[in-house]
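Overview (structure and organization)
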Amino acid sequence: MSSLMHRRQFLATSGLAAASLLGGLGPWRQARAEPLALTIQNARYALEATPTEGMVSLSPDAPPPVLRLSRGQPFRAEVLNTLDAYTSMHWHGLRLPNVMDGVPYLTQVPLGQGDRYSYEFTPQDAGTFWYHPHCTTMEQMAKGLTGLLIVEDERDPRFDLDLPVNLRDWRLGEDSQFIDLYTARGAARNGTFGTLMTANWTSEPVYDVPAGGLVRLRLAATDTTRVYRLQMPGAEGRVIAFDGHPVIDPVLWPGPEAPLVLGCGQRVDLAIRAPGQEGAELVLQNDQPGGPRVLLRLRAVGADLGHDLGDLAPLAANPLPEPDLADAEVLEFVFGWSPSDAPVNDGFCGSLGYTFWSINRVAWPGDASGTGPLAELRLGRTYILRLRNESPNDHPIHLHGMVFKPLRSNRREVSGNWVDTAMLLAEETMEVALVADNPGDWAFHCHVIEHQKTGLTAYLRVT
Ligand SMILES: [Cu+2]
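Okay, so let's go over this structure.

What counts, and where the lines are drawn
- Residues take numbers from 1 onward in each chain, read along the sequence in its written order.
- pLDDT decides what is reported in this predicted model: residues at 70 or higher carry local features, side-chain atom pairs at 80 or more are listed and counted, and totals for whole chains, interfaces and linings draw on all residues regardless.
- Hydrogens and waters are ignored; side-chain quantities use all the structure's heavy atoms.
- Helix numbers and strand numbers start at the N terminus; a helix is a DSSP run of H or I with at least 4 residues, a strand a run of E with at least 2.
- Radius of gyration: C-alpha atoms only; globule rule: 2.2 Å multiplied by the number of residues to the exponent 0.38.
- Exposed residues in this analysis have more than 50% of their type's maximum accessible area, buried residues have under 20%, and partly exposed residues fall in between, with area computed by a 1.4 Å probe over protein chains only.
- Any pair of residues with heavy atoms lying within 4.5 Å of one another is described as a contacting pair.
- Each accessible area value is a Shrake-Rupley result obtained with a 1.4 Å probe; residue values ignore everything except the protein chains displayed when judging cover.
- In this tally, Asp and Glu contribute negative charge and Lys and Arg positive charge; neither His nor the terminal groups of the chain are included.
- By convention, the point assigned to a charge is CZ for Arg, NZ for Lys, CD for Glu and CG for Asp.
- The pairing criterion is simple: DSSP has to find at least two bridges between the two strands.
- Note on geometry: axes are C-alpha line fits, over the in-contact stretch for helices, and angles between N-to-C directions span 0 to 180 degrees.
- Salt bridges are defined by distance alone: a side-chain nitrogen of Lys or Arg within 4 Å of a carboxyl oxygen of Asp or Glu.

Quick notes on the overall build of the chain
Scanning the chain for helices and strands turns up five helices and 30 strands. On C-alpha atoms alone, the chain measures out to a radius of gyration of 21 Å, which is about the 23 Å that the 2.2 N^0.38 rule sets for 463 residues. Structurally, the chain occupies a C-alpha span of about 65 × 50 × 50 Å along its principal axes. Looking at the chain as a whole, 61% of its 463 residues qualify as buried. Counting contacts in the chain only where the partners sit at least 6 residues apart, residues at least 24 apart contribute 75% of the total. Surface exposure of the chain reaches about 17300 Å², of which carbon and sulfur atoms provide 50%. Seen as two clouds, the 38 positive and the 54 negative side-chain charges of the chain have centres 1 Å apart.

Written out as structure tokens, the structure reads:
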């Protein structure tokens, strides 16, 4: 029997056992005072029967742990880099001081081998977020360094099970070892897709959930390339949060007719009532060419708890600044091909060796280039960002440090929920509104990492 079979069977034993597998350290919960030591290091892990060597994680033999913080409680992490490559850590979706944002040259120097950086911030928003490096990003993310970060709130509704899920792919050969992490062909189109799809570093895990119980499924799309089109047919549930923030504009349940589009870096929280009958299953799948592909299964166990979604308290609102649309300035951004004479992006943080993409016709020339901001925003002012994708490819456009609300699109109805990423479909123009309430230089880039690293990167300055 393969180790994969062993792990699947072990995963199936209980939801709690599964949760404890999320990191070699176990899920980490915020205690008092002590800084959390995070050591970026090489790892080895059996994604398939044969262990994959040369992975990147925070322990030698396990996925990066789920970090659980508390809203309003200071968080301190000391990150140590043991890799023979530069790195940094970014806390995706969190609204924090600029100097803690983890973007090389913009907010800190890159960390060489043996370097440390103390990250310290107090989360003001509760919800589902994640962390990943922002230097040598392509290689380190593709090889494993993506983990969930959950901010809890004492007012959170009580679920029978809280299940964080890290959705991502891997590019492995027949021998389960890494193959080329990207191709030029992919980088110039929709990115280079993985060969193995996983949830929590497991192919098609089965999670036991209490029959008739209420489950909070926290889904994070941390893949470098894949835009998910999620479906959970036949489930009784609702979408309660998007990109970490409580849903204020209802989102359709992700069924076969209306897959939920989750771009690279985005999160969605689902509240689900598990089937009452023991053994009954719910399937989370991705709608993709060739037909739906199973990502994970939830299997009801035990006697029917008979809980009711209607009894769940709503999520408490996060303290987000409401845009003043009557007094908004419009800023235009166009995402497309790079000019033919654009230089190749290079620097300490890794180069793919090509330039294909640009924002406002400028290809990001390199992290250390000293390029100025793409736009300067006045602190406290409302802006409408008009985001025009003139390419035939999808671009999940992510802004650091602030969140925004989609207003309208030329292609579809958009939901007016707070997000940190505008999921721009091919040829789509979307307008989003934000209050520039966080001073600093904030990275603004596509989260298809091959696009980010071949020109589709810039930053906005708020003063
Ligand atoms: Cu892109």
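Let's talk about the sheet that holds strand β25 (residues 395–399)
Here we have five strands laid out as an open sheet, ordered β23-β30-β29-β25-β27, and mixed in their pairing. One side of each edge strand has no neighbouring strand; the edge strands of this open sheet are β23 (375–377) and β27 (421–424). Within this sheet the neighbouring strands show an average axis-to-axis angle of 20°, counted without direction. Summarising the sheet, β25 and strand β29 (residues 440–446) pair through three bridges and their orientation is antiparallel. Residue pairing for β29: I397 is matched across the bridge by C446.

A word on the pattern of salt bridges
Applying the stated criterion across every chain yields a total of 31 salt bridges. With a closest N to O distance of 2.3 Å, R71 and D153 form a salt bridge. You can see R71 sitting in the loop between β4 (67–70) and β5 (75–81) and its partner D153 sitting in the loop between β9 (147–152) and β10 (161–170), a full 82 residues away along the chain. Residue D153 is classed as buried on the basis of its relative accessible area, which comes to 9%. Notably, a salt bridge pairs D420 with R267, separated by 2.9 Å at the nearest N-O pair. Highlighted residues: D420 in the loop between β26 (405–409) and β27 and R267 in strand β18 (residues 267–273), separated in sequence by 153 residues. On the accessibility criterion, R267 (0% relative accessible area) is buried. Each of R68, E152, D162, R216, R218 and D269 takes part in a single network of salt bridges with overlapping partners.

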